[in-house]
Every structure is written in C-alpha cells, then in structure tokens.
Amino acid sequence: MIQLLWASGCKEQAFGYEQEAIKKWPDLNIGSCHTEEVLEKFITVNESMARMKDDVRVLQGVNYPVLIRGETGTGKELIANALHGSRGPIVDGQLTKGRFVAINCPSLSVDLMQSTLFGHKKGAFTGAINDKIGAFQYAYKGTLFIDEVGDMPLSMQASLLRALQEKKITPVGSNDEVDIDCRIVCATNKPLEAMVKAGEFRLDLMHRLNTFELHTIPLRERLEDVALLIKKWDKRGGFKLTTGCLLEGNCRELGSLITRWNVLGR
Ligand SMILES: Nc1ncnc2c1ncn2[C@@H]1O[C@H](COP(=O)(O)OP(=O)(O)OP(=O)(O)O)[C@@H](O)[C@H]1O
Ligand SMILES: [Mg+2]
C-alpha cells in the first residue's frame, strides 16, 4: 500500500521541468533527461570535470551506490542530483520516478539520524506520537543522498551497511523489517582511508560505497573554470577576484562574491 502511494506521488512529482527536458532531448529517457538538465548547471571546461560528467551519464543508468568526494562548494550535491536520473523510464507515457531525498549527517544526533533514515513506530520514544516513514522509504524508487557520510557515527555506519547489503531496514521501535528500493549516493570531503586506519570509519562500508567514485576538484586547480564562472555570473561587468583570495569555499564562495558585486558593486 505504502509503495503504491509512493508510486502515485512520484508520478506527480516528475511532471515538472522534466517534461520540458523530454522535449529538448526526445531520444533520452526521463532519467537521462534529468541528468542532462542538471549537468548543464555544472559549468566547467576542465578536462577531468568533463570526464566526470561523462561518468555521471553512465552511472545515472545503473543502480549502484556512488561516492562523491571533493572539497566544500565544489558541486557534490549538484552531481548527486544529476545521478538521480537513474530511476525512471517512461512507462505507458507516464514518468515513473522517485524522490531525491537528502540527509546531512553532521546536523543530526545519532537518535535523530536513526529515526530520519529508518523511520519510527508510534511510541518508540518520548515524542514519537505517530508512525513516521524514514528517508530510505521516502526515497522509494528514487535516490537517498547521504551528505558528509564521513561524519556518520560508527553505530549508524553498521546500520547503513546492513541496509545496503540486505536492502531491508527496521524502523525504530518496530520488530518488522521493511524492504527498501532506493539508490544510495554519498558525499564526503573527509579522508575516509585515514579514518579507516584511525578506526573512525568502517572498512567494509567504505568498500561498499566506493566501487564508483566521482571526484570534484577544487577551483584553484581549474582556473579556467573560475574565468568561465565569472563570465557567466557577473551581470554588472568588471568583477575582479581580490588578489590572495583562496576560494576555499570554491563555487559557493565565488558565487557569493559575484552576487555581492552584482548587487553592491564591491
Ligand atoms: N561547476 C559548477 N557550476 C556552477 N555552479 C556550481 C558548480 N559547482 C557548484 N556550483 C554551485 O555552488 C554551490 C555549492 O554546490 P554544492 O552544494 O553542490 O557543493 P558541495 O560540494 O555539496 O558543498 P558542501 O561540501 O559544502 O556541501 C551550489 O549553489 C551549486 O549550484
Ligand atoms: Mg553538499
């Protein structure tokens, strides 16, 4: 029943700008239309980034976990969203597509993360006044994006591994397992290998997540993109990067600097 509900909700959701994308790319299915639409927003002329975009085009069509690695502001979430194209051929003229559900590990305590990911039963803990569906189920036939997975506590890593392997979860306070069917995309800017050595990240989980890795490289290593982004975003004209600006926040920081320039002229 729940699955039927999701499916009908998913169809409604897919009728947005993706219909326009289908007109634009009539030979592609809805999944790859979505991917192209999002990849267009990922502005780059850098060769490795162009190769990464090609990898995204391939990976959007398979249902394996993908790990996206890169510094803050380099577009990891944009790429995760582009990968979300994977689920959704057109069936009987209808788009079938699940949701893109994002959770951010550092912002959640262990208890909250557990109930956010797995859901809970009414009365499972103080304040659990109703049954709640977790992100794994909410992303039915869609994508669950786990941001900053390097910040996931060890106890939760074990549960994530189990969910990935068994494709089943147990909501908090429930005895019953629930089947899940969603694509898992994770992102991190943490050195997971070093964390494994330090006993902070599970080796088995790392290997489960990193079969397919995508790397977003920092802007300082692709200055050609800095010039291109300035050209695209500078509406006022004449924007100059202050000498010594390290752009540690990458595209996000550059975007803010240019927005300020566009509005205030300084
Ligand atoms: N190549 C790009 N072209 C255009 N915009 C980009 C590009 N990369 C990132 N952006 C923009 O920069 C902002 C930050 O991107 P995003 O949130 O995807 O980064 P992130 O790597 O997930 O960062 P964090 O690690 O801080 O979560 C967004 O507004 C995104 O649209
Ligand atoms: Mg992010």
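Nothing here was measured: the structure is a model prediction, and the numbers come from that model.

The secondary structure content of the protein chain amounts to 12 helices and 11 strands. Counting the 266 residues in the protein chain, one finds 35% classified as buried. Counting only contacts in the protein chain whose residues sit at least 6 apart along the sequence, the fraction spanning at least 24 positions is 73%.

Another aspect to go through is the site of ligand 1. Taken together, 16 residues sit near ligand 1, with Thr 72, Gly 75, Lys 76, Glu 77 and Cys 251 positioned nearest. Tallied by class, residues from the shell around ligand 1 come to four nonpolar, eight polar and four charged. There are two domains that each give the shell around ligand 1 at least three residues, and those are domain 1 (2-216) and domain 2 (221-264).

What follows deals with the confidence of the model for the protein chain. The pLDDT averaged across the protein chain works out to 87; a share of 86% of its residues lies at or above 70. Under a pLDDT of 50 for its full length, residues 1-15 has, in the predicted model, 19 contacts with residues more than four places off or in other chains.

Two pairing modes exist for strands in a sheet, parallel and antiparallel, and in both the strands are linked by backbone hydrogen bonds. Sheet architecture is open: five strands sit in the order β4-β7-β10-β1-β11, paired in parallel fashion. Either end of the sheet is taken by a strand with one partner, and the two such strands are β4 (100-104) and β11 (213-216). Strand-to-strand twist across the sheet, computed as the mean angle between neighbouring axes with direction ignored, equals 20°. The pairing of strand β1 (residues 66-70) with strand β10 (residues 183-188) spans four bridges and is parallel. For Arg 69, the partnering residue across the bridge sits in β10 and is Thr 188.

Moving on, we get to helix α5 (residues 76-83). An α-helical turn contains 3.6 residues, so a residue and the one three or four places further along point in the same direction. A large share of α5 lies buried, amounting to six of its eight residues. Among the residues of α5, Lys 76, Ile 79, Ala 80, Asn 81, Ala 82 and Leu 83 are the ones counted as buried.

Conventions used here
Residues numbered from 1 in each chain as written. Chains lettered and ligands numbered in written order. Predicted model: local features only at pLDDT ≥ 70, side-chain atom pairs only at ≥ 80, totals over all residues. Helix = DSSP H or I, 4+ residues; strand = E, 2+ residues; numbered from the N terminus. Buried ≥ 20, exposed ≤ 12 C-beta atoms within 10 Å, placed from the backbone. Contact = placed C-beta atoms within 7 Å. Near = placed C-beta within 6 Å. Nonpolar A, V, L, I, M, F, W, Y, C, P; charged D, E, K, R; others polar. Domains from an automatic or database assignment. pLDDT = per-residue confidence, 0-100. Pairing = 2+ DSSP bridges. Axes fitted to C-alpha atoms, helices over the stretch in contact; angles between N-to-C directions.

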